[in-house]
Each structure stands twice: as structure tokens, then as C-alpha cells.
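Observations on the model geometry
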4 protein chains.
Amino acid sequence: MEIEIATIGGFEEVGRQMTAVRAGEDVVVFDMGLNLSQVLIHDNVETEQMHSLDLIDMGAIPDDRVMSDLEGDVQAIVPTHGHLDHIGAISKLAHRYNAPVVATPYTIELVKQQVKGENKFSVDNDLVKMDAGGTMSIGPQCELEFVNVSHSVIDAINPVLHTPEGSVVYGLDKRIDHNPVIGDPIDMERFREIGREDNGVLCYIEDCTNAGHKGRTPSESVARTHLKDTLQSIEDYDGGIVATTFSSHIARVKSLVEFAEEIGRKPVLLGRSMEKYSGTAERLDFVEFPGDLGMYGHRKSVDRTFKRIMKEGKEKFLPVVTGHQGEPRAMLTRMARGETPFELDDGDKVIFSARVIPEPTNEGQRYQAERLLKMQGARIYDEIHVSGHLREEGHYQMLDALQPQHVIPGHQDLQGFAPYVDLAESQGYAVGRDLHVTRNGNMITLVE
Amino acid sequence: MEIEIATIGGFEEVGRQMTAVRAGEDVVVFDMGLNLSQVLIHDNVETEQMHSLDLIDMGAIPDDRVMSDLEGDVQAIVPTHGHLDHIGAISKLAHRYNAPVVATPYTIELVKQQVKGENKFSVDNDLVKMDAGGTMSIGPQCELEFVNVSHSVIDAINPVLHTPEGSVVYGLDKRIDHNPVIGDPIDMERFREIGREDNGVLCYIEDCTNAGHKGRTPSESVARTHLKDTLQSIEDYDGGIVATTFSSHIARVKSLVEFAEEIGRKPVLLGRSMEKYSGTAERLDFVEFPGDLGMYGHRKSVDRTFKRIMKEGKEKFLPVVTGHQGEPRAMLTRMARGETPFELDDGDKVIFSARVIPEPTNEGQRYQAERLLKMQGARIYDEIHVSGHLREEGHYQMLDALQPQHVIPGHQDLQGFAPYVDLAESQGYAVGRDLHVTRNGNMITLVE
Amino acid sequence: MEIEIATIGGFEEVGRQMTAVRAGEDVVVFDMGLNLSQVLIHDNVETEQMHSLDLIDMGAIPDDRVMSDLEGDVQAIVPTHGHLDHIGAISKLAHRYNAPVVATPYTIELVKQQVKGENKFSVDNDLVKMDAGGTMSIGPQCELEFVNVSHSVIDAINPVLHTPEGSVVYGLDKRIDHNPVIGDPIDMERFREIGREDNGVLCYIEDCTNAGHKGRTPSESVARTHLKDTLQSIEDYDGGIVATTFSSHIARVKSLVEFAEEIGRKPVLLGRSMEKYSGTAERLDFVEFPGDLGMYGHRKSVDRTFKRIMKEGKEKFLPVVTGHQGEPRAMLTRMARGETPFELDDGDKVIFSARVIPEPTNEGQRYQAERLLKMQGARIYDEIHVSGHLREEGHYQMLDALQPQHVIPGHQDLQGFAPYVDLAESQGYAVGRDLHVTRNGNMITLVE
Amino acid sequence: MEIEIATIGGFEEVGRQMTAVRAGEDVVVFDMGLNLSQVLIHDNVETEQMHSLDLIDMGAIPDDRVMSDLEGDVQAIVPTHGHLDHIGAISKLAHRYNAPVVATPYTIELVKQQVKGENKFSVDNDLVKMDAGGTMSIGPQCELEFVNVSHSVIDAINPVLHTPEGSVVYGLDKRIDHNPVIGDPIDMERFREIGREDNGVLCYIEDCTNAGHKGRTPSESVARTHLKDTLQSIEDYDGGIVATTFSSHIARVKSLVEFAEEIGRKPVLLGRSMEKYSGTAERLDFVEFPGDLGMYGHRKSVDRTFKRIMKEGKEKFLPVVTGHQGEPRAMLTRMARGETPFELDDGDKVIFSARVIPEPTNEGQRYQAERLLKMQGARIYDEIHVSGHLREEGHYQMLDALQPQHVIPGHQDLQGFAPYVDLAESQGYAVGRDLHVTRNGNMITLVE
């Protein structure tokens, strides 16, 4: 059976991920993501109104025109998890394919919301939920399987396409975590089985984001211990404490909510995406929050909540808000600018359970947000966080488990591939033979 | 009562700490440390043979000639803990003073060994043990108290000299740790009492090492969780695993020993200072190691152990060795150079439960050690560590607890003082009034 | 005669410089500057309308309320050169003093424009021009002298107040430059004389901006050679070339204009501050530009010029524009956003004859500007620049020339003072004795 | 005609450069270099005694076993210039090929010395001198041409193999310099011609060392202006001045010699490689030094010279010595350790006309050397230097001049290739099509 892989997007950048695998007549598309930074660099761009070709030209969504070179039919569009760089282009591209979107329940729910907000295209592909561990047929001979992984959002999986020639493992966006706080640990046992069974792994497509970092990405339980330690240390403080983290990072939000209660404060989630991601997670029973946990997205209800906090006493609450990157319009930045009813006093604590995404734009914005917070007397705690992406030794362990015949580094530019290529070469792979340094729009033929 | 403070050493560098406090007729000396880096920069210097004046000229030990300006009698020499930068000059300077060395039991034991190794001077000051929480009289009106703190060595305290004018708190080398793995948590309650009682705190001398780092230093329990996570993740590996950490960091060594056993390996401690610090800690009952835990310092017995490991199977052991900074003569560096019977194979793991002390000499040596290890196929895990020194928010909490009348930043050069001064000023102190930016050899009069 | 120095502003930051020297009954004020970054951090602040007390609270202008503690009359307000951090608060503070502003002609002209733009206060102090080398009496016994120095703006001086107790040298903002491109070299001979004559130098107040940089600041002639080399290398290019630099850096603008002509292009200066600084310099005969050199400040005339360039051919022009820091509203940023009639093509060159001021806000903005420029195909040349501030060896030479009795580090925060203090101590000064580590609002008594 | 390129060494590192081009039956080898860092990491390795296979295993010299796959005869071994990473393996590998070494006169002379020092192999290949601009036939249909380029050593060229299929330009190690101080400017005119003539450029192999640096590498004349400025600024100093630079950088040595004389000091060159490279350059008439310029390599004669300098007065001399990277055994490091008769005094100047090669080992050694120098009172001037390698805009200009059909990035690892690949892609090349990301030991078929 012919096996071909089209590396469509996210092979020259982080963002706008998209890869297609053709096995005989059947094609599966993994991810359709958005590169938000290519949108934000321009003033006043509203993607909801834009045509896909314009967004392709901007480098914001994958250039899927290469799909016409793939001689097969798309049977499924499979986003691995609910982050924008993996689902953000579905609303612009999916309608071109007569195929369902297949994903885990939480991801499907986020895709649904994404599609709903779209103004230009009407996207009515079927949305099919499949849990980690589930499988579905792709054409007569292939099978799609979801293997459970850990990432910084819940319900993340690595899809595996089992073909007669061996499996294609699409390994983007995970951490090897044996104590992930929410959900099951990564299913390394299954990966090892896939590595050994039948024809083994024909190809492994890997996320190189942190390949240049030594050692291993710590478990979410390490971040949780760190966070607990931090909050315990300010348990006696009788003023305001505010926390921020990635809105979609439900395990972290859950820890914040729990530790808030442990130190005698009422947690409350504030900001549009806080409400969106946590509300969705709760509705789908991924997390159980206290019955009376407030979540507010609209500015009015947020401000009303802040007024209540100021009235009842800041020392009774722990608002968890958006704005960990200092984004100009996020809640924490508004608080820093004094634009909300929440008044910061000398000694109030602000906890960034996140790290700055290392790019000068973010660094500049975050710096400004912190400067404004400090002008009001706030005390800053930051980098209480672990990454969601494998580091060097995680990559080493994945190669060891899967023993793939071919490896394709992804989710980075060439500079980001470099340390992964070094690792793979040290394990016996060779560039141009079984280690494929590729670019957006390339086609790699594995079996002719 | 006249109160004067002589800032003798460690106010222009990290290393050779020494401060003297005069209260009326009585003087207490805090720390007599060695700046090892001023020794190692020269080839072939053997400090054991050297005269103190030469070591003073080299900047290696405190220039205590300023002591002659202090009109009072030294009643006690009080090292806060057993690190060389706090006790390393006792063998060169203590004999000049007719006063006992007063310290906690573990520290006293290390002082004893230090003095024993001295070849030039005969140091026969009394060595007096006092536990954290203990007190002793200094002259007719003052009292010395030891307050328990957490640091990267066990049995560390902050000494407090209670005078009729208020307390002088010598705050060097601590972390606010509520879960320190070994020993009691830092006694913040006592610090708060001292801040409120009688005349409160007249003066606080503070360790600025990490004052420029945002947030708080995590608890040792965070490093422990991180270490556990790391070792669990390689539990299935059936080859060699080697770990290194600060030899004097008994809590960390204890965690390594415990987790080694949890993953089914026999721990063994190798290298001269590994044997010295851990052996001393065990003898003094600070830590309970497994009955059959091997500790070997002499090269011959180390090599014999390595041979046994090679024979019985590397997968059965977890050697904990010296060499976390890539020091040329330490055990791990010898292993990296293939100078020991322990043979590294492809995939063997080396765990640095330490961070590189940020100075180009160390960075160069560590880089070389890692390069040599990797040439043999070793996989590196590093920075599994937390600092022993307060960061910005720890300093904030200490100022809040003690409410000192005067503050003296220490344990750094001026660049290192700068962020602490910013913090203290934000809390209402003013340089030149109650915030004393000082240098080695200065005298500060607090009460005339 | 009593000599006192009030370090009013710019001793905890770069910006809002202000120092007052009292000699007997007479006071001279050096600089009244603005810290622009404290203004820009807030949205929509218009300083022209604001009251000085509000600007003091914002940390934007010096808090001159300490002046009431100085028992003497202000005889002169002496800005050293025309940068905003030295003259920007004159419009807010000078009217409180019954004293002329005394400065070099170019500086006076910029002060005049500054005062003219003020909407809140009416500032009608006399504006007195005095050239480098000139002197004027201050009270019966003192004399003010201007010594010529080199900086990144023309007509900069170091004022010296000669008193019976020795001279007070106010040494802010200079480079030792023997080939400054415009104007005379720094007058080191005069500094050496001042160091030797009469009572020598009582006190030297020094600009520590670059004290932590090794070596010496290169001469402007080095930047000029570098710039020439750059432009020569693209002499054959037949598309657009655009350059940007500090608008007030007339020597650099002059070099750009000259080299533009050497490579056969017509230079043109675009942007409000380009027009302001270069126009003023030309009117005052500091620089001779080609008779037909266009300078346009208003957006309309700039856009008209761009249209002409597009029509006549980009290869015939070299626009020198504002925007070297990526400032959101500057000309180059507008070009990058495609908001001007100038269209960038693949291969067009953009020359930053400046370096990014190292602060995350600037770095973020500059990064965005470059990204936008590159999206249009522009080729970037940057850091063709030398600093206007002394580095370590320049400071060493100044101390050697002046041999001051007292030294006061300035123009930085404490972190910035640190390397200068190290240097001064290595030359025999001691903190607290003759080396004064000071803060905003302090008073230093030199002669009682 | 079949054209194949074997990328043998230096495609995964900087060092051990080697590339072979087969055109029909004939093969030309470009460079045979040594990766010194792979030797120095081990203690006590003496390469002179070692077998090539052992050096290949160490990664020190190119693994030329791939040459057996090339079906043709080696007609010439062509080192581009005299640096060790380009000629250092000739003594170990050249004797395997029945072909002359063809190089420019200065390079041939250095090869001769290299071969003479070899103890293991007897290398008696013909050594053929050919000047920049010269040509020689390679087989019946091809021609080898040397195009003059600028680099940090004199007499550097880029060899071009003209074949019926177009030219293969081997572009390693150059800077576009129109004012190189010694020798002719880079021959851009000839490169442009080669780009246009006949079949144009079939393939361009490029040095990516500085591809990730923005802008252009400044001309040597910029370093010269900078150096002149530095020396002028200390013209009046009446103590010791010492300078160090790359020994093989004759243009820089020449500038140092000239400026020494301009400030009234007698230059003298000290250290083994100083004598070797400058002596050779003078003998071959590449540089005219003052008739009485002393050059001493042996330790005894160096120390004798230092004694003379101390006796006659340090203020009369300017020693130019080895040791710019802080190498432990170099002359400057010996001076820093007080191991030579030259005594440094407070205020003496040390000029590093070099930059630290950015690698932790060098950084550590250089840091130690500077620390030792400063302990003796020396004042340090550093980074008075420009690189010998093209930056981004130089690469842009070369692609523009040559318009090659194929591009092969070299002289780096993959991380180093990345920015070059970005550039080439922005100019229309595509990885895997005409942009070849290769590794050591690969074969690239350009014409089948």
C-alpha cells in the first residue's frame, strides 16, 4: 500500500499545524491550526470575516492547496487537542473536505464553539467524538486509534493510523506525565505495544518545541506542588491575592481552585476564555469544581464580581483571571491599568502560574503589565509552571518505545528541528534516509 | 548601650563572610568564611600551609584587622552553618580570639574537622554546641539565641543577639521552607515574636544572594517531588544511573537514597566530601540511612566499589557522586574521562540535582564534563534543584515579620545589594538613614 | 564656604536628571529632565496639560521639593545638552526659580521650543547662551565654566562650578572622543588643568550609564567608518534604501546625508523630530547640509515627499526617517505597516544607525517593526552605532585626569552604580567616605 | 557530465572541513581540516603521533572513507586558506591520494610547516602554488580557478570548479570587504561574471558561520579605525601596553605594529604562533614590517625580550602576544599568572583585538585570564575586532551575484544552517529540491 505524508503547516513555525497521511486511497488529516501571531502583528484584523486565501497569504492558516496533489479521499480531520494552533483553521478549511472532524469530547466541544463563531464560511462537517483508547476504521484496511497523552489541556491524544505497512504515529503536543493531576497518565504501555506489534511503527511525526531543552519535562504534579507551596507561604496574608494561568489549562485551574479553598479563600474565574474553557470542562464532567464556583466572562459580570469582592473583602477571595502574557486586553492587564473595580494595595500578591512565551512581543507586554502592577504595590510570583511539551529525554524515551522506521520532526522551524535531529542521529537515524527534515507543503513518500 | 556593627567580610563578594557586633563591652563574631574561588584561581595553592595574612591579601579570608577598632571583648564566634564560606577561615583566624566557637552540633562537627586539617596554626578555641532554639548569655545584659531556619545544609540557624537596645538578627543563608524534608520548618513564628517583643529588632543583616530573583524560593519538597518524578520516569531503565548533588545537602542525598530504593536500586555514596558530610550527618543522627548504605571517600575504595558495581550489574545500583559543578578532580569528572572502573554505556543516565553556580569558570568546567559524558552516550538530567537562599518575596516576608529599625544587606557585592535595596526602599527604608549599604571593613554605629 | 549637593533626580533611574549645588549662598541647578518611560507606560497621558505635582507623583519629573532645604538662591539652571532627560522638565519646574537657564546655543534653542509647547505653565526665565569654554560669575566668589565634551547630540558640555573650596564638575553624558565628526574633540586638556589648579576638584558627579561595559566607547569616527562601509557595500543596489537614527544625533545625520550623496542618492529627512533637530542645527550653523536638502515633519508633506520618491524612482533617494526604536507612531513603523505612499520591495534596505535601548518594551516594538519590514522583503542592517556614554576605561581616564576629592555616581540606579563603585574603589575611594552612593532627594554636605 | 558532491566534514560542526566534487572522472577535494576542540577536550592527546583512524573516531579529522564511493580520481586537494580547520588534516589524510595540494602561496607555506611537524605519516604530495586569479586544468574538460576573497587570514580564495554543466563555487570562509587593509578587495566582479557566464553556477557551497547575524560583517578597515581610536586614546600613558590578537590575522598584526609606532612605542611579536604566521607572511612579502621588528617564539627568547623591556622601560614597547582566548599555555595567560619577567602595574593596558569564540570552555578560560590580569591592576580593552565570516546580508549579496542553481549550506551544524536556509528559501530555493541540507558523509548528485 502506498503511504505518503504531506507536511502542510507548522513545519516552518509553531502554529497552523496540519499534516495529511495518505494510505492507499484514504487520507487522514491531522490538525488544522491557526498561527495567531501572524494575525496579531497587524492592527485591526478580524479573522472571523476573512477568506481562507487571505489568511493563507498572511501565513495565518495552513496552505492546504497541496492537498490536491494527494490522490485519495479525506476520511477524517483529526485535531489532537483543543489549542488554537491545532483547531483554529477548521472553521476556514474543513468545509472543503467531505469528511467528519474526529476528536476527543473536549476537543470536539471547542471545535463546535470555534465553528459557531465563524462568519465567512458555513462549516457543517460531522463532529464525531472518540475517546482516548477508541478506534475507528479508515477505509477497508486501516484503523485510526487514539492513544492517551498528557498536555497542558485536558483530553489530548496522539492519533495513530494503523496501516498494513505499519503505524503512522502523529506525536504532536505531549509530555510524558505519570501524575497529570487530571485524567489518566500518558499511555506509554500502549506506545510500547504499537512499537512491537505487526510491522511496528512506519513513521513517527514529533513535536520538537522543547527538543533543545536538556532533561525531561517535569510532571504537572511538580507544578502543583510548587503552586501549593507558593499559596501556603502566603496563607496568612490578609489582602488581595490574584492568580493567572492559561485558560485552557484545566488541571492548573483546578489546582488553583483547590488551593484557594485550602488557604480559606473563595476562588472565582474571570475573563472570557476562563469562562469558556473551564465552563466547558465542567459541563463535560472533566473536572468537578465547587458547586458555587463563579465563572464570569462578560466584562459587566466580571466588574460586578470585582465590586462584590471589594465590598466583602479582598482577603476572602482568590480571583483567577486571564492575562498571563500581559495581553493588552486581558483581565489582569486591565486590573494593572486600574480599569476594573478591583483595587490593588501595597503587598497584594499576583501569581503567574505560567511562563512568558519567549518572543519579544510577549516579553514587552508582560514587562509592561508587571511594571503597572508593581506601581500599585503588587508582589509578583511567576513561572510556577511546567511545559506541556517533551524535552530531550522525553524524545529519547519515545524513540526508544516506538522504534519508528521513519521520523519527521515537526511543530517548529528548522532551528527548532536541529536539536531533535541531533538526538535522532545519535540514535542511528540519518537525514535524507529515514529522518525527514521537511518544510510546509512538502510530500514525503514512505512506501511507493 | 553602644551598639556597633563591623562588616568585615562578604560585603563585596559571596564568600569569606564575617560580621562582628559590639554591644557595650561585648563582641560577638558571626561567621569566619573562606572565598574558595580566590584560592582556586591560582595554580597549586595549598591553603593548609598558608599564613592568614597571605590569605587576607589574596582576598581568600576576611581581613579581620578592623577588629582592633572594636572596643570590646569577643565572647563568641558564631558560624551559622557548615558551609566553607561561613566556617572556612576559623582555622586561620579563630586562635586570635579568646572565645569559644558556638554553633549547632552539625556545624561544630564540621568546624572540628576543619580545624583538624589545619597545618599552620593551632586552633584550640572551645567548641560549644547549642541547638536551634537554645540561648546563652553574652556579658551581663545580652543574650544569644539560635532561631531555626532552612538552608541547603542541615542544622542551619540564624543567630540573634538580644540587647537592651533591641535585637540584632544575623539573617544569612536561609530559605523560608515549611516542608524542608529534614528537620523542622523555619521558625517564622519566633521571628515574628522577636519583631514584636521589647524593643523589637534594632538591626537585620540580610543575605542578598537571590534578592534579584522574582517570587519565592520553592521549598525543598518541590525539589524532592521533581527528583522523584525524574527517577520514576526512568524506573524501567536497566542500565547505569548516576546522580550528583552538593555533598553537604543531606536532605537531597536522603531523597536520592530513598528514591534509589523505590526504583529498586542500591544507593551508594562516593567521593571524599560525600563520605564526610553524609557520614557526619548519620553519626550525629540527623538522618537515618539504610543500614547497609555504602559511603566511600578514598579513591581506592571508590574504585573497588565501582568494580563491584560493574561485576554485579549497573542496573542494581545508583551511585551518588561528587562533581555537580564539573570540578576537574571530582568523581563524576573522573567517570566522564573514563578514569574509573565504572563504564558508561549508551543510554545511561546522569542526574545533576544541582544547578551550575553562574560563573564562567564553573560553566566551562561543567560544559566539558557534560560533553565528555555525552561522548560516552550518557543522557543528562539537570537543574533538579531549589536554591537555599531567599528570593525577593522571601525578603519581603522577613522584613514584614521583623520590622527592623536598621537593615544591612550582605552576602553579595554592590550589584547584588541593588535589588534588595530597591525592595527595602519600597518598604520605607532609606539609604544612608536606616538602610546601610556597606563594604568590607566598615563600622556602622547604630546606638552611640 | 559651605558646599552642599542635592541629588534630586536621576539617581535611581536614567531620566529626570536634576542636581543642585549650593556654594555658600548661591545655588546652581544642573539639568531638569523628563523620564519619558514613566509617561508612556500609561495610555493617553498628555504631559503638556499636566501639573508638575502629578508628574512628580508619576516619577516623570524630578521631585524638586527638596530644594526648599537648600539655604541659598538659585542663580542658574544649567542643562548640559538638549536631550529630554536633561531639559524635559524645564517647562514644568523652571518657573519656580528666579534664575536664568544658561546653556549652549543649541541647547537653549531646544529649551525654547520645549517651553513653547507647554500648555499648563508659563515659563519666562531668561534663556542665556554660553559657549563651551565660556564662563560666568555665580555670586561673589564662584564661577561657572562650560567644558566642551562629546556626546550623541551636538553642543554638549560639562559644567564646572569653581568655588573657593575647589571645583564641582558635573560630568553627565559624555564620551571621550578625539574625532567627533562635528565640533571640537572633548577638552581633556582643560579637565586635566582643572584637576591640578588651585584646590583641584572637590567633587565629580559622573554618568554611570555604561560603567559596566568593558573598554572604551569608540569614537563617532568609528561609527562613521562603519556607516560608510555599509552604504558603500550597497552602492550598486537600484531599489529603495531607507535609514533611521536618533533625530538629535546631528553628526550621524550629517554622515548619512554625506554618504547618501557619495553613493549617488538624494538624502531627505522625514519625521517631526528629524525636521526639528536637524533644522535647528542648520539654522544655528552647526552643520552645513546641501542647499536643497529636504526636511519634512508634517505628515502631509512627508507623504507628498514619499509620493514624489515613488514617482521619480526610489533608487534616486535615501530617506532618513524617525523610528529607530520601532516606536508605534514613528515614520519607519508607519512605512512598515504600509501606511505611507513609500512601497517597500523585495531587497530594499533598511539601515538602523542606532541600537535598541535595552528594555523589553523597546525590544518588543522594534521586533514588531522589523518583522513587518521583513514581511515586505526588506533587508535589515542594524547597530551601526556607538554610544554617547563613557565605558569603564573612559571613567578610569576621567578619574585620573580630575583626581577629585569626592565622587558621586549618577544617571543610573544602584545596579548601574555598582560597576562604577567597583572602579572608584579600585582607585582608592571608599563608599561612605569620599564615594557617595546616593538616591533621589538626598543632600550631601561636602564642606560644612 | 555527471556531477556529484560529497560533503565529508564540517557539515555537522565548525572544524574538519572537507568536501569533494566529482565532475565526470575527475575529483577535486576542497579543504582537509582539523576540529581542534575534539582534541583538546581530552587530556594529553598529541595528534602528531596519532593514526588517522583514531582521529576520525575522535571526530577530529574528516571521515574520508566515503571517498571510496566516488568513482573518479582525485586531481587536486585544494585548501582555501591556512586556518587549521581547513588544512589541519592534510598531514593525516593527503598521502592517501595521488594528487597535488594546490593553494595560494601563503597557504602552501603553512601546509608545508604542517606536514613537516607530522610524526606518523610521511606526506609527500606535490605542493603547487597558484595565486588568486589563477587557473589550472582538471581533466580534459574542467578548470579550477581561484577567486580572491577577504578573510581573517591573508591569501584566502574561493576555488571555483568550472565544468561543462556550470561552475561549482566552494564559498567557505570569507567576508565581503572592499577595504581589507592587506591584499586586494574581494573580487565581486568576478563572482558576478561567473554567475552570468556559460551555464552559470551549478552549485554554491556556503559558509554559514554567521548566517544568523543580522546585517553585514564590517570591513577590516572598521576594526582598524576602532583599533587606532583605542591606541590613540592611551597615547599619553607611560606604562605597559600589551596587545593580543589571532596570530594568523596578519592584517590586524600589521595595524597593531603601525599604531604602536604612531604612539611612539616599539612593537614586538611574542609567542610561537605569532612568530610562525607573521614570520612566514614577511618572508613571502605579504607584509612589510619595520626592519627591526622583533619576533620571538621560543620561551627563552621571549623571556629574554621581556627582561629587556623591563630594563629599558615598558613605556617604550608594545608587545603583541598570543593568548586572546585565555588559552592556558599562551603568552598572555603566562603573563597574567606572573610567570614571565614582564611585570604588570596598576593602570597597564591589555588590548584584546579579538572576540571570545562563544563556547563555555573558551569563556571560562578567558574569564580566568582577565581576572588574573585585573588582580595585577591591568585595564582591559576587548572586542576590537570584526569577524571573517559573512553575515546575513553578505549571504544575500552572494546569492544575488552568483544566482546558483543549487545551494549547499556548510561550515556549521544544523542549528547554524537554519538561518541560512531561511534566507535561501526567501530567495526562492526549496529544501530537498535545490537547497541541500546535508550531513557529514553524504553524497549529493547534481547531474546524473
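Bear in mind that the values here come from a model prediction, so they are computed numbers and not experimental data.

What follows covers the overall build of chain A. Scanning chain A from terminus to terminus reveals 14 helices and 19 strands. For 448 residues, the compact-globule estimate of 2.2 N^0.38 gives 22 Å, and chain A sits close to it at 22 Å. Counting all 448 residues of chain A, 58% fall into the buried class.

Take the interface of chain D and chain B next. Many authors give the size of an interface as the accessible area that is lost as the parts come together. Taken together, the ten residues of chain D in the interface contact ten residues of chain B. Residues of the side of chain D that touches chain B, tallied by class, amount to four nonpolar, four polar and two charged.

Attention shifts here to the relation of the copies chain B and chain A. Of the transformation superimposing chain B on chain A, the axial component is 0.0 Å and the angular component is 180°, with the fit at an RMSD of 0.0 Å. Within this description, the copies of the chain are treated as partners about a two-fold rotation axis. For chain B, the residue whose C-alpha comes nearest the rotation axis is Val222(B), separated from it by 3.3 Å. A high fraction, 100%, of the interface residues of chain B reappear at the interface in chain A, so the copies pair face to face through one surface.

Turning our attention to the UniProt feature "binding site: Zn(2+) 1" (unreviewed entry) in chain A. All names here are of chain A. Under the UniProt annotation, the feature "binding site: Zn(2+) 1" (unreviewed entry) is placed at His-81, His-83, His-151 and Asp-173. A maximum C-alpha distance of 10.4 Å places the annotated residues, which cover 93 residues in sequence, within one compact spot. In this structure, His-81 sits in the loop between strand 4 (73-78) and helix 3 (84-87). Setting aside residues no more than four positions away along its own chain, His-81 makes contact with His-86, Thr-107, His-151, Val-153, Asp-155, Ala-156 and Asp-173. Mapped onto the elements of the fold, His-83 is located in the loop between strand 4 and helix 3. Contacts of His-83, omitting those with residues within four sequence positions, involve Val-153 and Ser-248.

Residue and element names in this part refer to chain C. Ordered by their spatial adjacency, six strands build an open sheet running 14-13-15-12-16-17, and the pairing between neighbours is parallel. Of all strands in the sheet, those with a lone pairing partner are strand 14 (294-296) and strand 17 (379-381), marking the two edges. Between one strand axis and the next, the sheet turns by 20° as a mean value, whatever way the strands run. Summarising the sheet, strand 12 (residues 241-245) and strand 15 (residues 317-321) pair through two bridges and their orientation is parallel. Across the sheet, Thr-244 pairs through a bridge with Val-321, a residue of strand 15.

Now for the relation of the copies chain D and chain B. With an RMSD of 0.0 Å, chain D superimposes on chain B once it is rotated by 180° and translated 0.0 Å along the axis. Of the interface residues in chain D, 100% have counterparts in chain B that sit at the interface too, so the contact is made through matching surfaces.

Right, let's get into the nonpolar core. Counting residues in hydrophobic clusters, the biggest one holds 259 residues, and the most contacted among them are Val28(A), Ile90(A), Val28(D), Val29(D), Ile77(D) and Ile90(D). Residues within four places of Ile77(D) in sequence aside, it is in contact with Val29(D), Met32(D), Ile90(D), Ala94(D), Tyr97(D), Ala99(D), Val101(D) and Asn125(D). Ranked by size, the runner-up nonpolar core spans 258 residues in total, among them Phe191(B), Leu399(B), Val115(C) and Tyr170(C).

All names here are of chain B. Among the secondary structure elements, Leu-84 is positioned in helix 3 (residues 84-87). A residue is classified by how many C-beta atoms lie within 10 Å of it, and Leu-84, with 16 of them, is partly exposed. If we ignore the near neighbours within four places in the chain, the residues touching Leu-84 are Gly-33, Leu-34 and Leu-36.

With that settled, consider helix 14 (residues 414-426) of chain D. Side chains three or four residues apart in an α-helix point the same way, a direct result of the helix having 3.6 residues per turn. Its 13 residues give helix 14 of chain D an end-to-end C-alpha distance of 18 Å, which sits within 8% of 18 Å, the value for a rise of 1.5 Å per residue. The largest bend along helix 14 of chain D measures about 25° and falls at Tyr420(D). Looking at helix 14 of chain D, one finds that the buried residues are Leu414(D), Gly416(D), Phe417(D), Ala418(D), Pro419(D), Tyr420(D), Val421(D), Leu423(D) and Ala424(D). Next to the buried residues of helix 14 of chain D lie helix 14 (414-426) of chain A together with strand 11 (201-207), helix 13 (392-402) and strand 18 (406-410) of chain D. Taken from the residues just after helix 14 of chain D, Gly428(D) is the one with a positive phi, measuring 100°.

Before going further, it helps to spend a moment on the domain arrangement of chain A. All names here are of chain A. By the assigned domains, chain A splits into domain 1 (3-216 + 388-447) and domain 2 (220-381). Spacing between the C-alpha centres of domain 1 and domain 2 amounts to 31 Å. Taken together, the residues that form the side of domain 1 that touches domain 2 break down as eight nonpolar, five polar and three charged.

This brings us to the pairing of strand 1 (residues 3-9) of chain A. Residues and elements named next belong to chain A. The element strand 1 is extensively covered by neighbouring structure, given that seven of its seven residues are classed as buried. The pairing of strand 1 with strand 19 (residues 442-447) spans five bridges and is antiparallel. Paired with Ile-5 across the two strands is Ile-444, which belongs to strand 19. As paired strands, strand 1 and strand 2 (residues 18-23) are joined by six bridges and run antiparallel to one another. The partner of Glu-4 across the bridge, within strand 2, is Arg-22.

The terminal C-alpha atoms of helix 12 (residues 360-375) of chain D, which comprises 16 residues, lie 22 Å apart, in line with the 22 Å expected from a rise of 1.5 Å per residue. When helix 12 of chain D is considered as a whole, its buried residues turn out to be Pro360(D), Thr361(D), Gly364(D), Gln365(D), Arg366(D), Gln368(D), Ala369(D), Glu370(D), Leu372(D) and Leu373(D). Residues of helix 12 of chain D that are buried make contact with helix 12 (360-375) of chain B together with helix 11 (331-336), strand 16 (349-353) and strand 17 (379-381) of chain D. Taken from the residues just after helix 12 of chain D, Gly377(D) is the one with a positive phi, measuring 95°.

Let us look at the UniProt feature "domain: Metallo-beta-lactamase" (unreviewed entry) in chain A. Mapped onto the present numbering, the UniProt feature "domain: Metallo-beta-lactamase" (unreviewed entry) falls on residues 15-226 of chain A. Secondary structure over residues 15-226 of chain A splits into 22% helix and 25% strand, and the C-alpha atoms at its two ends are 29 Å apart.

All names here are of chain B. Of note, Val-181 is a non-glycine position whose phi angle comes to about 75°, a positive value. On the secondary structure map, Val-181 appears in the loop between strand 10 (166-171) and helix 6 (188-196). Given 19 C-beta atoms within a 10 Å radius, Val-181 is considered partly exposed.

Each partner contributes to the interface: chain B provides 21 residues, whereas chain A provides 21 residues. Those elements giving two or more residues to the side of chain B that touches chain A turn out to be helix 7 (220-233), strand 17 (379-381) and helix 13 (392-402) of chain B. With eight residues, the top contributor of residues to the side of chain B that touches chain A is helix 7 of chain B. Counted by class, the side of chain B that touches chain A contains six nonpolar, nine polar and six charged residues.

Quick look at the pairing of strand 7 (residues 135-138) of chain A now. Residues and elements named next belong to chain A. Note: strand 7 against strand 8 (residues 142-148), four bridges, orientation antiparallel. By the bridge assignment for strand 8, Ile-138 is matched with Cys-142. Here strand 7 folds back onto strand 8 in antiparallel fashion, the turn holding three residues, of which Gly-139 has a positive phi close to 60°.

Right, let's talk about the sheet that holds strand 17 (residues 379-381) of chain A for a bit. Residues and elements named next belong to chain A. A sheet is described by the order of its strands in space; here six strands give the open sequence 14-13-15-12-16-17, paired in parallel fashion. Two strands close off the open sheet at either side, each with one partner strand: strand 14 (294-296) and strand 17. Each strand of the sheet is rotated relative to its neighbour by a mean of 20°, with strand direction disregarded. Where strand 16 (residues 349-353) meets strand 17, three bridges bridge the pair, whose relative direction is parallel. Looking at strand 17, one finds that Lys-349 is bridged to Arg-379. In the packing of helix 9 (residues 272-283) onto the sheet, contacts are made with strand 13 (266-270), strand 14 and strand 15 (317-321), and the angle to strand 14 comes to roughly 130°.

Thresholds, definitions, all that
- Residues numbered from 1 in each chain as written.
- Chains lettered and ligands numbered in written order.
- Predicted model: local features only at pLDDT ≥ 70, side-chain atom pairs only at ≥ 80, totals over all residues.
- Helix = DSSP H or I, 4+ residues; strand = E, 2+ residues; numbered from the N terminus.
- Rg over C-alpha atoms; globule rule 2.2 N^0.38 Å.
- Buried ≥ 20, exposed ≤ 12 C-beta atoms within 10 Å, placed from the backbone.
- Contact = placed C-beta atoms within 7 Å.
- Nonpolar A, V, L, I, M, F, W, Y, C, P; charged D, E, K, R; others polar.
- Least-squares fit on C-alpha atoms with pLDDT ≥ 70 in both.
- UniProt positions renumbered as here; feature names shortened; annotations may be inferred.
- Pairing = 2+ DSSP bridges.
- Axes fitted to C-alpha atoms, helices over the stretch in contact; angles between N-to-C directions.
- Core = buried A, V, L, I, M, F, W, Y, C linked by C-beta atoms within 7 Å.
- Expected span 1.5 Å × (residues − 1).
- Bend = angle between axes of the 7 residues up to and from the residue.
- Domains from an automatic or database assignment.

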